[in-house]
Amino acid sequence: MLIVCPACASEYQIALDRVGAEGRSVRCAACRETWFISPDEVSAALEAEMSAAMMAASGTDPDAAESRASAQADLDAWEAALSAEPEPVPSVEEPRPRPRTKPKPIKAKGRRFPLASPGAALGLALVAGLGLAVLGRTGVVRAMPQSAGLYARAGLPVNLRGLDLRDVVAFQVPGEGAQGQLVVEGDLVGVAAAGAEVPPIEVEVRDGRDQPLYRWQIAPPRPALEKGETARFRASLSAPPAQGRSVRVHFANAAAETPAKDDASAKHP
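These remarks concern the structure in this document.

Reading the values: rules and limits
- Position labels on residues start from 1 in each chain and follow its written sequence.
- Local features in this predicted model are restricted to residues whose pLDDT is 70 or higher, and side-chain atom pairs enter the listing and the counts only when it is 80 or higher, whereas totals over whole chains, interfaces and linings include all residues.
- Each side-chain value is worked out from all heavy atoms of the structure, with water and hydrogens disregarded.
- By the criteria applied, helices consist of DSSP H or I runs no shorter than four residues and strands consist of E runs no shorter than two, each listed in order from the N terminus.
- With a 1.4 Å probe rolled over the protein chains alone, any residue whose accessible area is under 20% of its type maximum counts as buried; one over 50% counts as exposed, and the rest are partly exposed.
- Here, residues are in contact when the closest pair of their heavy atoms is within 4.5 Å.
- Per-residue and other accessible areas follow the Shrake-Rupley method at a 1.4 Å probe size, with only the shown protein chains counted as cover for residues.
- In the sections that follow, a salt bridge refers to a side-chain nitrogen of Lys or Arg positioned within 4 Å of a carboxyl oxygen of Asp or Glu.

**Some words on the overall build of the chain**
Here is step 1: Per the secondary structure count, the chain includes seven helices and 13 strands.
Here is step 2: Counting the 269 residues in the chain, one finds 32% classified as buried.
Here is step 3: Within the chain, contacts between residues at least 6 apart in sequence are counted, and of these 58% link residues at least 24 apart.
Here is step 4: Of the roughly 17100 Å² of accessible surface on the chain, a fraction of 53% belongs to carbon and sulfur atoms.

**Focus: unusual backbone geometry**
Glycine aside, residues mostly have negative phi, and peptide bonds are mostly found in the trans state.
Here is step 1: Located in the positive-phi region is aspartate 167, a residue other than glycine, with phi close to 50 degrees.
Here is step 2: Summarising the element assignment, aspartate 167 is placed in strand β5 (residues 163-173).
Here is step 3: For aspartate 167, a relative accessible area of 59% translates into the label exposed.
Here is step 4: Phi is positive for alanine 239, which is not a glycine, with a value near 50 degrees.
Here is step 5: Residue placement: alanine 239 occurs in the loop between β11 (230-238) and β12 (246-251).

**Some thoughts on the environment of glycine 190**
Here is step 1: Inspection of the secondary structure puts glycine 190 in strand β6 (residues 181-190).
Here is step 2: Among the residues examined, glycine 190 registers a relative accessible area of 3% and is labelled buried.
Here is step 3: For the pair glycine 190 and leucine 165, spaced 25 residues apart in sequence, the C-alpha to C-alpha distance is 9.3 Å.

**Details of the pattern of salt bridges**
Where charged atoms of side chains with opposite charge meet at close range, the side chains can pair.
Here is step 1: Scanning the entire structure with this criterion turns up nine salt bridges.
Here is step 2: Residue arginine 215 is joined to glutamate 202 by a salt bridge in which the shortest nitrogen-to-oxygen separation is 3.7 Å. Within this pair, whereas arginine 215 is found in strand β9 (residues 212-218), its partner glutamate 202 is found in strand β8 (residues 201-206), the two being separated by 13 residues in sequence.
Here is step 3: Residue classification places arginine 215 among the partly exposed residues on the basis of a relative accessible area of 44%.
Here is step 4: Members of the salt-bridge network, linked through shared partners, are Glu202, Glu204, Arg206, Asp210 and Arg215.

Spatial relationships are all this shows, so hold off on functional conclusions.
In structure tokens form, the structure reads like this:
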């Protein structure tokens, strides 16, 4: 995201995930001026990134980009004409009606607005498409899974699975061997309006460099969850790896669908 200091016009590039959907205050490194990046500016930057991603995914050539630039110029001219105030209509006193005589209609003088050119119409369609990309982001992520990262960095995660993993904890209990037994527990919560099927759950033990050491799967506690329903799951492992430092829990086929909030982590005790 490009930001410009309002005091000295210095320009900076800042990642959207460092700003967040609610906006934040920043300080200019050159003049020390402080200003606030609003949520509207964040949304506009997200739309710009989504537009660039869509153009790159569709393989747009330079001629098409030039055509869109011309369409945007036409759109700006059309919007400027719309924002201009129309000339006031002069007030004319209507003549009193006479018997058997119809009053002549008075034509109101007004400003004629130029008709939208095909380029302006194309620009409007592009703007409307970007708005739908924000409001209908679930459909966008289904069609373009790589866009899930953009939404997540902008604070707009997309949950395609309709399930959340919450309150995941990991702890050890005494058992056979020096390492005892590792226990991982958490809640599955249904968030989809139409309900969702619950797939198997996969648990990973990771080392200090976040590399997987051991993973195993457990059956879901329930086959499906309606919206608002909760089910508790529990997984255990005897003699876990001594190098384990953290535990990651996710659904067994989560990597293929790249949904949001379908994995959770907990510190290895």
